[in-house]
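Remarks on the overall topology
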Amino acid sequence: MTSTITRRMVGAVVATGLAATGTFAMSGIANAEVGTGLTAAASSVSAQATQNFGLTATEAKVIQGKVLKKYGYTSAKYPGTIDGKLGTNSWKAFQVYLKKDYGYAGAIDGDPGENTIKALQRLLRHKVGAKLTIDGDAGPKTQAAFKKYATRLTKP
């Protein structure tokens, strides 16, 4: 009984969020209400979120401008502004970059999940000499190395 109530409450919250963002779909509400499809709906909401992994907005702007834009990883396909928010389009562009040089083999979906983090960790090992375990966990060591990478990019 409690799980049914919880599913319906979460479904209503997800549906409200989807309606507010303009991605409302009746099937999403029906699926959420009966407990199927909730994961897909929830993941579409989280994929739109910003994930800077410890970077300040200024540091994220450096990543967006000096890596993604400079090397052509932003385009009509992955549009976005240099706003200091590493959102879905920034991560899609970053995944294309990571795929080219750092072994990213996942979907270009803008979700900085485990495979994206593993490729990012390989980049950080190469670019800043970070002694990271390639484990897909964006924990404190990975975040510190990401900050170091952004900081190095600001130097001439």
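Residues numbered from 1 in each chain as written. Predicted model: local features only at pLDDT ≥ 70, side-chain atom pairs only at ≥ 80, totals over all residues. Heavy atoms only, no water.

**Observations concerning the overall build of the protein**
To keep it simple, the criterion reads: A run of DSSP states H or I qualifies as a helix once it reaches four residues; a run of E qualifies as a strand once it reaches two. Both are numbered from the N-terminal end. Exposure classes here rest on a 1.4 Å probe applied to the protein chains alone. A residue is buried below 20% of its type maximum, exposed above 50%, and partly exposed in between. Here, two residues are considered to be in contact whenever any of their heavy atoms come within 4.5 Å of each other.
Summing up its helical and strand segments, the protein has seven helices and zero strands in all. Starting at the N terminus and ending at the C terminus, the protein contains elements arranged as α-α-α-α-α-α-α. By the burial criterion, 35% of the 156 residues in the protein qualify as buried. Across the protein, every contact between residues at least 6 apart in sequence was considered, and the portion connecting residues at least 24 apart equals 49%.

**Quick notes on the packing of aromatic side chains**
Applicable threshold: Here the aromatic set is Phe, Tyr and Trp, taking the six-membered ring for Trp, and pairing holds for ring centres within 6.5 Å; pairs whose planes are under 30 degrees apart are stacked, those over 60 apart are edge-to-face, and all others are tilted.
Counting across every chain of the model gives six aromatic pairs. With a centroid separation of 5.6 Å and 80 degrees between ring planes, the pair formed by Phe53 and Trp91 is classed as edge-to-face. Note that Phe53 is positioned in the loop between helix 3 (38-47) and helix 4 (57-69) and Trp91 in helix 5 (residues 88-101), a separation of 38 residues in sequence. The class of Trp91 is buried, set by a relative accessible area of 1%. Taken together, a centroid distance of 6.3 Å and an interplanar angle of 45 degrees make the contact between Phe94 and Phe146 tilted. Of the two residues, Phe94 sits in helix 5 while Phe146 sits in helix 7 (residues 140-154), which places them 52 residues apart along the sequence. Here the two residues Phe94 and Phe146 agree in accessibility, since each one is buried. Joined through ring pairs, the aromatic side chains of Phe53, Trp91, Phe94, Tyr97, Tyr102 and Phe146 make up one cluster.

**Some thoughts on the confidence of the model for the protein**
We apply this condition: Known as pLDDT, the predictor's per-residue confidence is scaled from 0 to 100.
Confidence in the prediction for the protein averages 75 pLDDT; 65% of positions are at 70 or higher. Per-element confidence in the protein ranges from a low mean pLDDT of 33 for helix 2 (residues 26-34) to a high of 97 for helix 6 (residues 114-128). This stretch, residues 1-47, has a pLDDT under 50; its non-local contacts, to residues over four places away or in other chains, come to 26 contacts.

**Here we look at helix 7**
Heads up, the condition is: Here, expected helix span is obtained from the residue count minus one, scaled by 1.5 Å.
Its 15 residues give helix 7 an end-to-end C-alpha distance of 21 Å, which sits within 8% of 21 Å, the value for a rise of 1.5 Å per residue. In the core, the buried residues of helix 7 are packed alongside helix 4, helix 5 and helix 6.

**With respect to the pattern of salt bridges**
As a working rule, side chains carrying opposite charge can pair if their charged atoms are close by. Which entries qualify depends on this criterion: Between Lys or Arg on one side and Asp or Glu on the other, a salt bridge is scored when a side-chain nitrogen of the former is within 4 Å of a carboxyl oxygen of the latter.
One pass over the full model with this rule turns up three salt bridges. Of the charged contacts in the structure, one is a salt bridge between Lys147 and Glu59, with a shortest N-O distance of 2.7 Å. Here Lys147, found in helix 7, pairs with Glu59, found in helix 4; they are 88 residues apart in sequence, far enough to count as distant. Of the charged contacts in the structure, one is a salt bridge between Glu114 and Lys118, with a shortest N-O distance of 3.4 Å. With Glu114 and Lys118 both in helix 6 and four residues apart, this pair spans about one turn of that helix. The exposure class assigned to Glu114 is partly exposed, which follows from its relative accessible area of 47%. Here Lys118 falls in the partly exposed class, since its relative accessible area comes to 24%.

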